[in-house]
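# Coordinates in review
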Amino acid sequence: PLLTARECRRVRPLVRVVFDRRLRTSPAARLFSTLAEGPVIIMTGPSPHRVPGRAAALESAGALIVETASIGDALQRLIEWNVSTLLVEGGPVLHEAFVVAGFVDRLHLIVAPHVLGDDGVKWLGSDVLSPSSLSRLTAEPQGPDIWIEADVHGHS
């Protein structure tokens, strides 16, 4: 993914943040071909857990490597780049970590009428985000898909 904003005008440069605690991101990723769009910051964990030698290669590709102890620490560090709002795109592990840590204010979910694999694709366990933790829930058809929005944990 490029993680760029397409077909919209931005006043400030886009800051792309990759949460990669083991530095598995490839230095050849397409993301680094768009550095003119804004910086690429990779939030990572302590060095013993990382792919050896990858930090230097990613920095050479244009990434800013920031070691953090937790998601909360990472969000606090993003203030240095004037980031106050974050759109989290990712898989179930990253989404669950943000929800469990209490850092999700608004949910935007697009549900497609397709099942991937025999058992589908797990997003979050039922014990992570319950319907009772959502408010101002709306669901709207978008072609064959359904766009769902809700406030999480009572935030607005």
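Look up a bit, the structure's there.
This write-up is about the structure you can find in this document. (Residues numbered from 1 in each chain as written. Predicted model: local features only at pLDDT ≥ 70, side-chain atom pairs only at ≥ 80, totals over all residues. Heavy atoms only, no water.)

## Details of the overall build of the protein chain
- Summing up its helical and strand segments, the protein chain has three helices and six strands in all.
- For the protein chain, the succession of helices and strands along the chain, N to C, is β-β-α-β-α-α-β-β-β.
- Seen through its principal axes, the protein chain has C-alpha atoms that stretch 45 × 35 × 35 Å.
- The contacts in the protein chain between residues at least 6 apart in sequence include a share of 56% that link residues at least 24 apart.
- Element-wise, carbon and sulfur atoms account for 55% of the exposed surface of the protein chain, whose accessible area totals about 10300 Å².
- For the protein chain, the separation between the mean place of its 15 positive charges and that of its 17 negative charges on side chains is 7 Å. (Helix = DSSP H or I, 4+ residues; strand = E, 2+ residues; numbered from the N terminus. Contact = heavy atoms within 4.5 Å. Areas by Shrake-Rupley, 256 points an atom, 1.4 Å probe, with all protein chains shown as cover. Lys, Arg positive; Asp, Glu negative; His and termini not counted. Charge placed at Lys NZ, Arg CZ, Asp CG, Glu CD.)

## Remarks on the sheet that holds strand β4 (residues 106-111)
- Pairing in this open sheet of three strands is antiparallel, and the strands run β4-β6-β5 from one edge to the other. The open sheet has two free edges, formed respectively by β4 and β5 (134-142), since each of these has just one partner strand. For this sheet, the mean angle separating the axes of adjacent strands, direction not counted, is 15 degrees.
- Inspection of the sheet shows β4 paired to strand β6 (residues 145-152) by six bridges, in the antiparallel sense. The partner of Ile110 across the bridge, within β6, is Trp147. (Pairing = 2+ DSSP bridges. Axes fitted to C-alpha atoms, helices over the stretch in contact; angles between N-to-C directions.)

## Things to note about the sheet that holds strand β2 (residues 40-44)
- Strands sit in the order β1-β2-β3 across an open sheet of three strands; the sheet is parallel. Here the strands that pair on one side only, and so sit at the sheet edges, are β1 (16-19) and β3 (63-67). Ignoring which end each strand starts from, the neighbouring axes of this sheet average 25 degrees apart.
- Examined bridge by bridge, β1 and β2 share four bridges and lie parallel to one another. Opposite Phe19, over in β2, you have Met43 as the bridge partner.
- Seen against the sheet, helix α1 (residues 54-61) touches β2 and β3 and runs at an angle of roughly 140 degrees to β3.
- Its contacts with the sheet put helix α2 (residues 71-78) on β1, β2 and β3, and the angle it makes with β2 is roughly 150 degrees.

Note that every value here comes from positions in space, so none of it alone points to a role or purpose.
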